[in-house]
Amino acid sequence: MADLTDLDYVLCDTELSISNAAAVLSSSSLLALDCEGRGLGFLIDTVRLKGERLRPIYDILESTSIPKVVYDGRKDFSCLFHDRRVEIRNVIDLQLVDIKSREIRGENDADRLLRLGQVVPKWELARNSHLYRNVHKLCGMNRSAEEHLGLKVEKNAPKFDHSLWLERPLATEQLLYAVKDVVMISDLYNAFDAAGYLYPQIHDDSSRYVSIWKDRRPTADDIYRNHGFLILDILDRSMNSVRGTCSSCRRDLPRACYSKSAWSSGAPRQCLVCRAAEDFHGRRLRWEALKDKRIEDGMEGAEDVELEVKV
């Protein structure tokens, strides 16, 4: 990835700059999109500019003629749709491409379980492998960049304070943070395209994926919408199958998305991914309780104990 300090970008926080950006973006063949930074070198300030002043940009996002490339665009879509009533169209979500590429790269079912073993105890996978059928662990963008671009992402980098996005003026560090994500999306897209990973159904799959929270914005404590597993019936979607509603995520899913016992028990039934998410959440709560107990007992280093979750 290029040195970010050498990249040109334009912060658009006036109506004139929005108009100029829209003129360039509307003639582009592809846009990289991220919830902090948007489009080929333009950072759009949606705090300072609101309503119809951003309509030229919204028209581009809603256009079906220009592909918008995202990495896990679910929150991007949800924020724009629920806050601004803007619906991103013609989307390519690279998080799905990463998962589809695994088979092309020679990964088999044992490798899929090995990835799951980063967040699910190995004894659980050995005992109940049938309950993780077709369950895939998601990769975050940084880890995907490590796998596909050979980038070494700093493991102990300080967490970025996203509340700072509401403050003005924006600091240089914030602008570079936004630029970094958009550049990484662009680099990943080029790598996936060169490797032949962009499969024919990616537009349809991505549209279903990013709009999955169109019914309602997910809350921070919703464990069935905030987890590290790929939701079911997005890739290799079953069109002709008996379906039932999951009692946890409330999605209408084909029979293959449930264990045999869950399906035969009738409603309410829980899909395989919601079961995995609930199990992970339960283990996290038990770990947090153990950590608190160790701190209460004065055990040295207890505050530094972390639950290893690779995303």
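Residues numbered from 1 in each chain as written. Predicted model: local features only at pLDDT ≥ 70, side-chain atom pairs only at ≥ 80, totals over all residues. Heavy atoms only, no water.

A. Layout of the overall build of the protein chain. Tallying secondary structure elements over the protein chain gives 11 helices and 7 strands in all. Counting every position in the protein chain, which comprises 311 residues, the buried fraction comes to 45%. Long-range pairs, those at least 24 residues apart, make up 65% of the contacts in the protein chain with a sequence separation of at least 6. Surface summary for the protein chain: the accessible area is close to 16600 Å², and the carbon and sulfur share equals 50%. (Helix = DSSP H or I, 4+ residues; strand = E, 2+ residues; numbered from the N terminus. Buried < 20%, exposed > 50% of the residue type's maximum accessible area, 1.4 Å probe, protein only. Contact = heavy atoms within 4.5 Å. Areas by Shrake-Rupley, 256 points an atom, 1.4 Å probe, with all protein chains shown as cover.)

B. Fine view of unusual backbone geometry. A positive phi is found at Asp 233, a non-glycine position, where the angle reads about 65°. Secondary-structure assignment places Asp 233 in the loop between helix H9 (202-210) and strand S6 (243-245). Since its relative accessible area comes to 9%, Asp 233 is described here as buried. Phi is positive for Arg 250, close to 65°, though the residue is something other than glycine. Owing to a relative accessible area of 56%, Arg 250 belongs among the exposed residues under this scheme.

C. Inspection of the packing of helix H1 (residues 15-25) against helix H2 (residues 55-62) at higher detail. Packing of H1 against H2 brings their axes to within 8 Å, and their N-to-C directions diverge by 20°. Looking at the two axes, H1 sits roughly parallel to H2. Where H1 crosses over H2, the handedness of that crossing is left-handed. Residue-level inspection shows Ile 18, Ala 22 and Leu 25 of H1 in contact with H2, the latter providing Pro 56, Ile 57 and Ile 60. (Axes fitted to C-alpha atoms, helices over the stretch in contact; angles between N-to-C directions. Parallel < 35°, antiparallel > 145°, perpendicular 65-115°, else oblique. Left-handed = near helix turned anticlockwise from the far one by under 90°.)

D. Local environment of the pattern of salt bridges. One pass over the full model with this rule turns up 21 salt bridges. With its nearest N and O atoms 3.1 Å apart, the salt bridge here joins Glu 147 to Arg 105. Of the two residues, Glu 147 is situated in helix H7 (residues 141-149) and Arg 105 in the loop between helix H4 (94-104) and helix H5 (109-116); the sequence distance between them amounts to 42 residues. Classification of Arg 105 as partly exposed rests on a relative accessible area of 29%. Notably, a salt bridge pairs Arg 243 with Asp 233, separated by 2.9 Å at the nearest N-O pair. Taken as a pair, Arg 243 in strand S6 and Asp 233 in the loop between H9 and S6 lie far apart in primary sequence, 10 residues in all. Judged by its relative accessible area of 25%, Arg 243 is partly exposed. Sharing partners across several salt bridges, the network here consists of Asp 98, Arg 102, Arg 105, Glu 107, Arg 115 and Glu 147. (Salt bridge = Lys/Arg side-chain N within 4 Å of Asp/Glu carboxyl O.)

E. Quick peek at the confidence of the model for the protein chain. Per-residue confidence for the protein chain gives a mean pLDDT of 84; residues scoring 70 or more make up 80%. Confidence over residues 37-41 falls short of pLDDT 50; this stretch has 20 contacts with residues more than four positions distant or in other chains. Note that pLDDT drops below 50 for residues 307-311; the model gives that stretch 15 contacts with residues more than four away or on any other chain. (pLDDT = per-residue confidence, 0-100.)

F. Here's a closer look at the sheet that holds strand S4 (residues 68-70). Here 3 strands make up an open sheet; going across it, the order is S2-S4-S5 and the pairing parallel. The two strands at the open ends of the sheet, each matched to only one other strand, are strand S2 (31-32) and strand S5 (91-93). Pairing between S2 and S4: 2 bridges, direction parallel. Across the sheet, residue Leu 31 finds its bridge partner in S4, namely Lys 68. Lying over the sheet, H4 contacts S4 and S5, oriented at roughly 50° with respect to S5. (Pairing = 2+ DSSP bridges.)

G. Geometry of the nonpolar core. With 29 residues, the main nonpolar core has Tyr 71, Leu 94, Leu 96, Ile 185, Leu 188, Tyr 209 and Leu 230 as its most contacted residues. Contributing elements (two or more residues each) for this core: H4, H7, helix H8 (172-195) and H9. Sort the elements by how many residues they give to this core and H8 lands first, with 6 residues. Setting aside its immediate chain neighbours within four residues, Ile 185 contacts Ala 32, Leu 33, Asp 34, Val 69, Val 70, Tyr 71, Leu 94 and Met 141. (Core = buried A, V, L, I, M, F, W, Y, C linked by side-chain atoms within 4.5 Å.)

H. Quick peek at empty space enclosed by the protein. A complete count under the given rule lists 2 cavities of 30 Å³ or more for this structure. As a volume, the second largest cavity reaches approximately 30 Å³. Contributing to the lining of the second largest cavity are Arg 102, Arg 115, Gln 118, Lys 137, Leu 138, Cys 139, Arg 143 and Glu 147. Residues of the lining of the second largest cavity, tallied by class, amount to 2 nonpolar, 1 polar and 5 charged. (1 Å grid on protein atoms, 1.4 Å probe; cavity = no way out; pocket = protein on both sides within 12 Å on 5 of 7 lines; lining within 4 Å. Points joined across faces, edges and corners; volume = space filled by probe spheres on them. Nonpolar A, V, L, I, M, F, W, Y, C, P; charged D, E, K, R; others polar.)

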